[in-house]
Amino acid sequence: MEKVTLQEKLALFSDHWNPRIVGELNGQHVKLAKFKGEFVWHQHEQEDELFLVVEGKFKMEFRDKTVDLQAGEFLIVPRGVEHRPVADEEVSVLLFKPASTVNTGNVTSQLTRSTLHKI
């Protein structure tokens, strides 16, 4: 049992759209990622996802609306809902989702990460 300092973990990487595992519990992964630019439209048929903004801000786009998120705010995207994160500037995000979740859900692209690194 060791504490996790988010700022220390975030300092270990600089690339975008490449989540790192920072914790595991009950079949779930706690991940950190940095976003910049537009992600791909996708959905997860079996998993809900939590996005907690650590630093910065981003928009979660849905087909019928956009939700703006800032540091200290989180959003849960229910399973089956198509979405796309968009960050005009770099943003640091904590993600909480089942360990089996692929970041691009039902879509395969150059942003798909099937193997994640633990830091």
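Note that the structure is a prediction, hence the values are computed from the model and not measured. As a convention, each chain's residues are numbered from 1 in the sequence order in which they are written. For this predicted model, a pLDDT threshold of at least 70 governs which residues receive local features, and a threshold of 80 or more governs which side-chain atom pairs are given and counted, while totals over whole chains, interfaces and linings are taken from all residues. Side-chain figures throughout are based on the complete set of non-hydrogen atoms in the structure, without hydrogens or water.

A.B. asks: Please clarify how empty space enclosed by the protein should be interpreted in this entry.
C.D. replies: One simple way to see leftover space: roll a probe sized like a water molecule over the atoms. Site definitions follow a grid-based scheme: protein atoms alone, a 1 Å grid, a 1.4 Å probe that fits but cannot get out for cavities, and for pockets an open set with protein on both sides within 12 Å along at least five of seven lines, plus lining residues having an atom within 4 Å of a point. Grid points are joined across faces, edges and corners, and a volume is the space filled by probe spheres set on the points. Under the counting rule described, the total for this entry stands at one cavity of 30 Å³ or more. Empty space within the largest cavity amounts to approximately 100 Å³. Trp 17, Pro 19, Phe 35, Phe 39, His 42, Glu 49, Phe 51, His 83, Pro 85, Leu 95, Lys 97 and Asn 103 are the residues that line the largest cavity. Secondary-structure elements contributing two or more residues to the lining of the largest cavity are strand 3 (49-55) and strand 7 (83-98). Runs of E in the DSSP output that reach at least two residues are strands. Runs of H or I that reach at least four are helices, and both are numbered from the N terminus. The dominant element in the lining of the largest cavity, judged by the number of residues it contributes, is strand 7, at four residues.

A.B. asks: Help me out: how do you make sense of the pairing of strand 6 (residues 74-77) in this one?
C.D. replies: Burial classes follow relative accessibility: with a 1.4 Å probe on protein chains only, a residue under 20% of its type's maximum area counts as buried, one over 50% as exposed, and anything between as partly exposed. Because side chains alternate across strand 6, one face comprises the buried residues Leu 75 and Val 77, and the other comprises Phe 74 and Ile 76, none of which is buried. In this analysis, strands are considered paired if DSSP registers two or more bridges between them. In this structure, strand 3 lies alongside strand 6, joined through four bridges in antiparallel fashion. Following the sheet pairing, Leu 52 is matched in strand 6 by Phe 74.

A.B. asks: Mind showing me how you'd approach the pattern of salt bridges here?
C.D. replies: Oppositely charged side chains are able to pair whenever their charged atoms sit close together. Criterion for a salt bridge: a side-chain nitrogen of Lys or Arg within 4 Å of a carboxyl oxygen of Asp or Glu. Enumeration according to the criterion identifies eight salt bridges in this entry. Of the charged contacts in the structure, one is a salt bridge between Arg 20 and Asp 15, with a shortest N-O distance of 2.9 Å. Several salt bridges share partner residues, and in doing so they unite Glu 38, Glu 61 and Arg 84 into one network.

A.B. asks: Help me understand the packing of aromatic side chains in this model?
C.D. replies: The description of two aromatic rings rests on the distance between their centres and on the angle between their planes. Aromatic pairs are defined between Phe, Tyr and Trp rings, using the six-membered ring for Trp, whenever the two ring centres lie within 6.5 Å; interplanar angles under 30 degrees are classed as stacked, those over 60 as edge-to-face, and all others as tilted. Summed over the entire model, instances satisfying the criterion amount to five aromatic pairs. Plain terms: the ring middles of Trp 17 and Phe 35 are 4.4 Å apart, the flat faces sit at 15 degrees to each other, and that makes the pair stacked. Of the two residues, Trp 17 is situated in the loop between helix 1 (6-10) and strand 1 (20-25) and Phe 35 in strand 2 (residues 28-38); the sequence distance between them amounts to 18 residues. For Trp 17, a relative accessible area of 7% corresponds to the buried category. Judged by its relative accessible area of 4%, Phe 35 is buried. Taken together, a centroid distance of 5.4 Å and an interplanar angle of 85 degrees make the contact between Phe 35 and Phe 58 edge-to-face. With a gap of 23 residues between them, Phe 35 in strand 2 and Phe 58 in strand 4 (residues 57-62) connect regions that are remote in the sequence. Sitting over the face of the ring of Phe 13, Lys 34 holds its NZ or CZ atom 5.0 Å from the ring centroid. Above the ring of Trp 41, the side-chain terminus of Arg 63 is found at 3.8 Å from the ring centroid. Note on geometry: a ring has a charge over it if NZ (lysine) or CZ (arginine) is within 6 Å of the ring centre and within 35 degrees of the ring normal.

A.B. asks: I'm lost on unusual backbone geometry in this one. Help?
C.D. replies: Of all residues except glycine, most have a negative phi; of all peptide bonds, most are trans. Positioned with a positive phi, Trp 17 is a non-glycine residue whose angle comes to about 60 degrees. Phi angles above zero are rare outside glycine, and Asn 26 is one such case at about 50 degrees. Turning to its location among the elements, Asn 26 is positioned in the loop between strand 1 and strand 2. Take Asn 26: its relative accessible area is 76%, and that puts it in the exposed class.

A.B. asks: I tried to follow the environment of Gln 43 on my own but got confused; where do I start?
C.D. replies: Mapped onto the secondary structure, Gln 43 falls in the loop between strand 2 and strand 3. The exposure class of Gln 43 is buried, given its relative accessible area of 18%. Once the C-alpha coordinates of Gln 43 and Pro 85 are considered, the two residues, 42 residues apart in sequence, prove to be 12 Å apart. Pairs of residues are marked as contacts when any of their non-hydrogen atoms sit within 4.5 Å. The contacts of Gln 43, once residues within four sequence positions are left out, are Gly 80, Val 81, Glu 82, His 83, Gly 105 and Asn 106.

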